[in-house]
Amino acid sequence: MSRILKKSIYVVAGARPNFMKIAPLIKEFQKEKINFKLIHTGQHYDYNMSKLIFDNLGIPEPDFHLNIGSASHAVQTAKIMLEFEKILVKEEPSLVVVVGDVNSTLACALVAKKKHIEVAHIEAGLRSFNMEMPEEINRVLTDQISDILFTTEKSAMINLKREGISSDKIFFVGNIMIDSLIMNLEKAKELNSLEKYELKKNNYALITLHRPSNVDKKEDLKKLLNIIKFLQEKIKIFFPIHPRTKKNLELFDLEKDIENMNLYITKPIGYLEFLNLMMNSKLVLTDSGGIQEEASFLKIPVLTARNETERPITIDEGTNTIIGNDIFKAKRYIKEIFSSNYKKGKDIEKWDGQTAIRIVQVIKRKFNI
Ligand code: UD1
């Protein structure tokens, strides 16, 4: 039970990248004996996308599971709103904490705010300035209605102020996903994933691709397959494939294009295994947001198959380079990596494993806990 707060704090998570962000917060709430409830919207529902990651991170069973599943953006967002409102009506929490930029983030923030419940957004202020990304829409709108905005890097504060958000709501606390990484590094190191997947340290590339802008159209997906084709001539590739990408490879009849490549394809893997395979890889090719940050922290070269990033610090201080789907850029940077001329990356401010502590301090101050 909480010491002062009679009502609980609701923590919302829905999709795989959210889970790494709530795990350290929950641990800190438990340590500080702060009363909270966990809500899983069920946006991601496959065992490997959800339960396996929960187990890896030691996240407790959710108090509420909304079982939403996949649907169009409108339907998914609307269903989450309907179901989340039902549980807010039962017992109004003091605060709703949302993380990241997925549909669950915006849907729950909106419902809470309209019920005059305070909203805290972890990972606020990141901007790709590309409103065609569903995540960018989710980020901009969530930030506009949040009462407490926790940021991971300095660019976020500048973006939020430009959008008229008052600086007394903004707290530069660092990167909570890096808390998860640091907490789990030793456990991840102990796994023998290299043996399991027949890989050699520093002698394979790790790939993840799932963005609609990369995988929903055949011609875009083919451009990425060209990059993969070039890369696999140089090094073995390990590719845990996202359900969206798998479906589209089948739909566009592109499976045959990768059949004979130097490629190990598998379904999505657990968090600890993924960490192990990231830290032992030669390079990472991805279109994920979080992996740009994790690879930068681990100082593993990361090539991002997007035209921009909402996480510019990973380029300026980390190991990230934006290559889009441009084969020429890909070749240039892959060659740099192989000749050891690629940038090495630096330590990034407040990516130090203490972010959840800083967040909970702010919440305690604000709510007199
Ligand atoms: C979502 C997030 C994205 C995040 C990504 C990480 C939004 C708008 N997008 O995108 O920001 O980077 O998660 O994975 O919230 N599917 C399954 N099993 C699952 C989950 C999804 O098979 O457990 C399938 C769905 O049927 C759907 C596709 O994967 O066809 C896409 O799922 P969806 O949740 O719509 O978006 P993601 O692409 O995963």
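Residues numbered from 1 in each chain as written. Predicted model: local features only at pLDDT ≥ 70, side-chain atom pairs only at ≥ 80, totals over all residues. Heavy atoms only, no water.

**Student:** Looking at this structure, I do not really get the site of the ligand. What am I missing?
**Tutor:** Near the ligand you find 20 residues, and of these Gln 43, His 44, Glu 135, Arg 244 and Lys 247 are the closest. For the ligand, an oxygen atom lies 3.0 Å from a polar atom in the side chain of Ser 70. The side chain of Lys 247 places a nitrogen or oxygen atom 2.8 Å from an oxygen atom of the ligand. Here the ligand loses 88% of its free accessible area of 750 Å² to cover by the protein chains. For the ligand, the cavity whose grid points lie within 2 Å of the majority of its atoms is the largest pocket. Of all the secondary-structure elements, those providing two or more residues to the shell around the ligand are α3 (73–90), α5 (134–145) and α11 (243–251). Tallying contributions element by element places α11 first for the shell around the ligand, with three residues. Residues of the shell around the ligand, tallied by class, amount to six nonpolar, eight polar and six charged. (Near = heavy atom within 4 Å. Polar contact = N/O pair within 3.5 Å; in protein donor to acceptor, adjacent residues only side chain to side chain. Areas by Shrake-Rupley, 256 points an atom, 1.4 Å probe, with all protein chains shown as cover. 1 Å grid on protein atoms, 1.4 Å probe; cavity = no way out; pocket = protein on both sides within 12 Å on 5 of 7 lines; lining within 4 Å. Sits in = over half its atoms within 2 Å of the grid points. Helix = DSSP H or I, 4+ residues; strand = E, 2+ residues; numbered from the N terminus. Nonpolar A, V, L, I, M, F, W, Y, C, P; charged D, E, K, R; others polar.)

**Student:** Would you explain empty space enclosed by the protein in this entry?
**Tutor:** Unfilled space is identified by rolling a water-sized probe across the atoms. On inspection of all chains with the given rule, the structure shows one cavity of 30 Å³ or more. As a volume, the largest cavity reaches approximately 30 Å³. Forming the walls of the largest cavity are Lys 21, Ile 122, Glu 123, Thr 152, Gly 174, Asn 175, Ile 176 and Met 177. Along the lines of polarity and charge, the residues of the lining of the largest cavity split into three nonpolar, three polar and two charged. (Points joined across faces, edges and corners; volume = space filled by probe spheres on them.)

**Student:** I would appreciate a short explanation of the sheet that holds strand β5 (residues 118–122) in the present structure.
**Tutor:** Strands in a sheet are paired, the pairing made by backbone hydrogen bonds, and the direction either parallel or antiparallel. The strand order across the open sheet built from seven strands is β3-β2-β1-β4-β5-β6-β7, with neighbouring strands paired in parallel fashion. The open sheet has two edge strands with one neighbour each: β3 (64–65) and β7 (170–172). Two strands pair when backbone bridges link them, and strand β4 (residues 95–99) and β5 are joined in this way by five bridges, in the parallel orientation. Paired with Val 97 across the bridge in β5 is Ala 120. (Pairing = 2+ DSSP bridges.)

**Student:** Sorry, what's going on with unusual backbone geometry here?
**Tutor:** For residues besides glycine, phi is generally negative; the peptide bonds are generally trans as well. For His 116, which is not a glycine, the phi torsion comes out positive at approximately 60 degrees. With respect to the secondary-structure elements, His 116 resides in the loop between α4 (103–114) and β5. The residue Asp 253 is not glycine, and still its phi comes out positive at about 60 degrees. Look at Asp 253 and you get partly exposed, because its relative accessible area is 48%. (Buried < 20%, exposed > 50% of the residue type's maximum accessible area, 1.4 Å probe, protein only.)

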